[in-house]
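Letter by letter, the chains look like this.
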Amino acid sequence: MSSRLTRILIVLAGVMGADGVMLAAVALAERAIIHPGIGILAASGFFVATALFAGDLTLRHYAGHGLFPFAAPTGGALLIASWLALAVAAAWPRRIENP
């Protein structure tokens, strides 16, 4: 297998993994397993963080420059913050009122 094809497959695997995490956070929020507001915020953070991190690295590789200074570290920090937000959402799920 060529090295270019290998790189493309690795990138696609990473994107699919990130999509799975985002969709899992949304599904948990929809089923009220986690706090819905914080869960959706975490899923949005995963999306933005992945776009920043991967977009900066991809643009830097193919165009020779990044999105903006510190885009990849900002995306990485936001990804960590999103994981923490998902943990907080799981720690404080929405309470279901008894009718």
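Not measured: the values here are computed from a predicted model.

Caption draft 1: The overall build of the protein chain, seen in detail. Of the regular secondary structure elements, the protein chain holds three helices and zero strands. Its helices and strands taken in sequence order, the protein chain reads α-α-α from the N to the C terminus. Within the protein chain, the proportion of its 99 residues that are buried is 22%. Put simply, 54% of the contacts in the protein chain that link residues at least 6 apart link residues at least 24 apart.

Caption draft 2: Quick look at a nonpolar patch on the surface. A surface patch of nonpolar side chains, amounting to about 450 Å² of accessible area, comprises Leu 5, Ile 8, Leu 9, Leu 12 and Met 16. Position of Leu 5 among the secondary structure elements: in helix H1 (residues 3-30). Taking relative accessible area as the criterion, Leu 5 reaches 40% and is therefore assigned partly exposed.

Caption draft 3: The arrangement of the nonpolar core in detail. In this structure, Met 22, Ala 25, Ile 34, Ala 42, Ala 43, Phe 46, Ala 85, Leu 86 and Ala 89 together form the largest nonpolar core, which totals nine residues. Counting only elements with at least two residues in this core, the list comes to H1, helix H2 (36-63) and helix H3 (71-91). With sequence-adjacent residues up to four places away left out, Ala 42 is seen in contact with Ser 82, Ala 85 and Leu 86.

Caption draft 4: Seen up close, the side chain of Ser 82. Within the element layout of this structure, Ser 82 appears in helix H3. Those residues in contact with Ser 82 that sit more than four places away from it in its chain are Ala 42, Gly 45 and Phe 46.

Caption draft 5: Seen up close, H2. With 28 residues, H2 should cover 40 Å at 1.5 Å per step; its first-to-last C-alpha distance of 39 Å lies within 8% of that length. Looking only at H2, the buried set comprises Gly 39, Ala 42, Ala 43, Gly 45, Phe 46, Ala 49, Leu 52 and Asp 56. The positive-phi residue at the C-terminal boundary of H2 is Gly 64, with phi of around 90 degrees.

Caption draft 6: Structural detail: H3. Given a rise of 1.5 Å per residue, 21 residues ought to cover 30 Å, and the 30 Å separating the end C-alpha atoms of H3 matches this to within 8%. Those residues of H3 not exposed but buried are Ala 71, Ala 72, Gly 75, Ser 82, Ala 85, Leu 86 and Ala 89. Looking down the long axis of H3, one finds its buried residues gathered within 130 degrees of arc, a one-sided arrangement. Facing away from the buried side of H3 by more than 90 degrees, the exposed set consists of Ile 80 and Leu 84.

Caption draft 7: Region of interest: the pattern of salt bridges. Inspection of every chain in the model, using the stated rule, returns one salt bridge. Across the pair Arg 60 and Asp 56 runs a salt bridge, and its minimum N-O distance is 3.3 Å. Here Arg 60 pairs with Asp 56, and both are found in helix H2, just four residues apart, close to one helical turn. Owing to a relative accessible area of 2%, Asp 56 belongs among the buried residues under this scheme.

Rules used in this analysis
- Residues numbered from 1 in each chain as written.
- Predicted model: local features only at pLDDT ≥ 70, side-chain atom pairs only at ≥ 80, totals over all residues.
- Heavy atoms only, no water.
- Helix = DSSP H or I, 4+ residues; strand = E, 2+ residues; numbered from the N terminus.
- Buried < 20%, exposed > 50% of the residue type's maximum accessible area, 1.4 Å probe, protein only.
- Contact = heavy atoms within 4.5 Å.
- Patch = residues over 30% accessible without salt bridge, like charges linked within 9 Å, V, L, I, M, F, W, Y side chains within 5 Å.
- Areas by Shrake-Rupley, 256 points an atom, 1.4 Å probe, with all protein chains shown as cover.
- Salt bridge = Lys/Arg side-chain N within 4 Å of Asp/Glu carboxyl O.
- Core = buried A, V, L, I, M, F, W, Y, C linked by side-chain atoms within 4.5 Å.
- Expected span 1.5 Å × (residues − 1).
- Arc of directions from axis to C-beta.

Keep in mind these numbers describe shape, not what the thing actually does.
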